[in-house]
Amino acid sequence: MLAILSVLLLYIFNPVFGVWYQKVYCSISESCECDFKPHIRDLEWDLYKNVYGQHLAQDIVSEEVAKFLQNKSPEQPLVLSFHGASGTGKTMVSSMLGNHLYSSAMSSPYVHQFVPTLHFPLPGRVKEYREELKSWVQGNLTECARSVFFFDEMEKMPPGLIDVLEPFLGPSHVVFRTNYRKAIYVFIGTTGEEVINRVALENRQAGQEREDIQLEHLQEAIAQAVYNSTTSGFFRSRVIQQKLITRFVPFLPLSRRHVERCVRSQLCQRGSCGRTDVVQAVGGDMLYTPAQGQYFSTSGCKAVPAKINLFL
């Protein structure tokens, strides 16, 4: 008993011993505390270097994550909801978040991904899914307070299912043996893209800079869109009613110059940075909308790898 007490006192009062003890402990343990190694500066750099045309998403994600992790006793979890058309970077930003929070990146056992078509495929089993999801989330939070949960394709999520998370997202619920308020939740979907695209189009037609689009122009509009859409997992959701989403994160439609940056990045990864002919060919082969103006790519950067294969 005295030996254990001595070790504890050394850990508390001797920082050098504390660092050594932590290293030894983590060399033989696969605990959440050992795997959780957030690199916020690296996340910020990754966002600003590799995500194109998304100043709002870059700013919101980097600021909210940094603020949340700096708070040792957050009042409630960080809850982000990503919205925008396919190919605009939602999945990429999600992966960056996981990669820079855990040393084992997205393969960490404390990073959890849910896809409706895989995990909740049958609308008639919502009641059963609610019990399973509640059990999964509570079990993982008990295992690791710093758990990260990604819910993809929210437009395909059965309505009513996600409300089982309401107690975990607010400031009042307690999970046995853990501080559930340290968790991060990210919802990803296309619902709300019409609102986002309309604001982007009006901005473009007014001759304004893309960076002039501010978050306040979109927050409430996205919240209303996902709450009222029958094809949204947030349809009439108490999560929205109770204002449990920290931030709605809009992903703007991409212009041709953004698509060409995606092409150039992909080419560099393949060792063909100098192929400007391929950059221009792929950019020119994309479909753009509206008919009058051709401002935005209809598929963002999603079709870029396949298009590159055609022109290489």
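Residues numbered from 1 in each chain as written. Predicted model: local features only at pLDDT ≥ 70, side-chain atom pairs only at ≥ 80, totals over all residues. Heavy atoms only, no water.

Taking an unreviewed UniProt entry as the reference, the protein chain is identified by name as Torsin family 2 member A belonging to Champsocephalus gunnari. The record held by UniProt for the protein chain lists under Subcellular location (unreviewed entry) the comment "Endoplasmic reticulum lumen". In its Sequence similarities (unreviewed entry) section, UniProt records this for the protein chain: "Belongs to the ClpA/ClpB family. Torsin subfamily." (UniProt positions renumbered as here; feature names shortened; annotations may be inferred.)

Caption draft 1: Examining the overall build of the protein chain more closely. Each helix and strand in the protein chain was counted, giving 15 helices and seven strands. Within the protein chain, the fraction of its 312 residues that count as buried is 47%. For the protein chain, the accessible area works out to roughly 16,100 Å², and carbon and sulfur atoms hold 54% of it. (Helix = DSSP H or I, 4+ residues; strand = E, 2+ residues; numbered from the N terminus. Buried < 20%, exposed > 50% of the residue type's maximum accessible area, 1.4 Å probe, protein only. Areas by Shrake-Rupley, 256 points an atom, 1.4 Å probe, with all protein chains shown as cover.)

Caption draft 2: Structural detail: the nonpolar core. Core analysis: the largest hydrophobic core is formed by 75 residues, its most contacted members being Phe151, Leu165, Tyr185 and Phe187. For this core, the element with the most residues is helix α5 (residues 55-70), which contributes eight residues. Once residues lying within four places of it in the same chain are set aside, the contact partners of Tyr185 are Pro77, Leu78, Val79, Leu80, Val137, Leu141, Phe149, Phe151, Phe168 and Leu169. Membership of the second largest hydrophobic core comes to 14 residues, among which are Cys262, Val278, Met286 and Ile308. (Core = buried A, V, L, I, M, F, W, Y, C linked by side-chain atoms within 4.5 Å. Contact = heavy atoms within 4.5 Å.)

Caption draft 3: Region of interest: the pattern of salt bridges. Counted under the stated rule, the structure contains nine salt bridges. One salt bridge in this structure joins Glu166 and Arg238, with 3.0 Å as the shortest N-O distance. Note that Glu166 is positioned in helix α9 (residues 166-169) and Arg238 in helix α12 (residues 238-241), a separation of 72 residues in sequence. When its relative accessible area of 36% is taken as the criterion, Arg238 is described as partly exposed. The closest approach of N and O atoms between Glu260 and Arg256, which form a salt bridge, is 2.8 Å. Of the two residues, Glu260 and Arg256 are both situated in helix α13 (residues 256-269); the distance of four residues between them amounts to about one turn of the helix. Given a relative accessible area of 37%, Arg256 falls into the partly exposed group. Here the residues in one salt-bridge network are Glu64, Lys67 and Arg247, joined through shared partners. (Salt bridge = Lys/Arg side-chain N within 4 Å of Asp/Glu carboxyl O.)

Caption draft 4: Focus on the state of the cysteines. Under the defined criterion, the tally for this structure stands at three disulfides. In this model Cys32 forms its disulfide with Cys144; the gap between the sulfur atoms is 1.9 Å. Highlighted residues: Cys32 in helix α3 (residues 32-35) and Cys144 in the loop between α8 (126-143) and β3 (148-151), separated in sequence by 112 residues. Cys144 gets classed as buried once you look at its relative accessible area, which sits at 1%. The disulfide bridge from Cys268 ends at Cys273, spanning 2.0 Å between sulfur atoms. Exposure remark for Cys268: the relative accessible area of 34% places this residue in the partly exposed category. For Cys273, a relative accessible area of 42% translates into the label partly exposed. (Disulfide = S-S within 2.5 Å.)

Caption draft 5: How the structure looks around the layout of surface pockets. Roughly 610 Å³ of volume is contained in the largest pocket. Along the wall of the largest pocket there are 25 residues; nearest its centre are Gly87, Thr88, Gly89, Thr91 and Met92. Contributions of two or more residues to the lining of the largest pocket are made by α6 (90-101), β4 (184-189), α13 and α15 (304-311). Per element, the largest residue contribution to the lining of the largest pocket is four residues, and it comes from α13. Split into classes, the residues belonging to the lining of the largest pocket amount to nine nonpolar, 11 polar and five charged. (1 Å grid on protein atoms, 1.4 Å probe; cavity = no way out; pocket = protein on both sides within 12 Å on 5 of 7 lines; lining within 4 Å. Points joined across faces, edges and corners; volume = space filled by probe spheres on them. Nonpolar A, V, L, I, M, F, W, Y, C, P; charged D, E, K, R; others polar.)

Caption draft 6: A look at the packing of aromatic side chains. Tallied over the entire structure, the rule returns 12 aromatic pairs. In this structure an aromatic cluster arises from ring pairing among Phe114, Phe120, Tyr129, Trp136, Phe151, Phe187 and Phe234. (Phe/Tyr/Trp six-rings, centres within 6.5 Å; stacked < 30°, edge-to-face > 60°.)

Caption draft 7: Quick look at empty space enclosed by the protein. On inspection of all chains with the given rule, the structure shows one cavity of 30 Å³ or more. Around the largest cavity sit Ser81, Phe82, His83, Met154, Phe187, Ile188, Gly189, Thr191, Val226, Ser232 and Phe234, which together line it. Elements that contribute at least two residues to the lining of the largest cavity include exactly β1 (78-84) and β4. Its residues placed into classes, the lining of the largest cavity shows six nonpolar, five polar and no charged.

Caption draft 8: Broad picture of α6. In this model, α6 (12 residues) spans 17 Å end to end at C-alpha, consistent with the 16 Å of a helix rising 1.5 Å per residue. Residues of α6 that are buried include every one of Lys90, Val93, Ser94, Met96, Leu97, Gly98, His100 and Leu101, and no others. (Expected span 1.5 Å × (residues − 1).)

Caption draft 9: Region of interest: the sheet that holds β1. Spatial strand order, β2-β3-β4-β1-β5: five strands in an open sheet with parallel pairing. Pairing within the sheet leaves two strands with one partner each, and these edge strands are β2 (111-114) and β5 (247-251). Going from strand to strand, the sheet's axes swing by 15 degrees on average, the running direction of each strand aside. Where β2 meets β3, four bridges bridge the pair, whose relative direction is parallel. Across the sheet, the residue bridging to His112 is Phe149, located in β3. The strands that α5 touches are β1, β4 and β5; relative to β5, the one it contacts most, it runs at about 150 degrees. (Pairing = 2+ DSSP bridges. Axes fitted to C-alpha atoms, helices over the stretch in contact; angles between N-to-C directions.)

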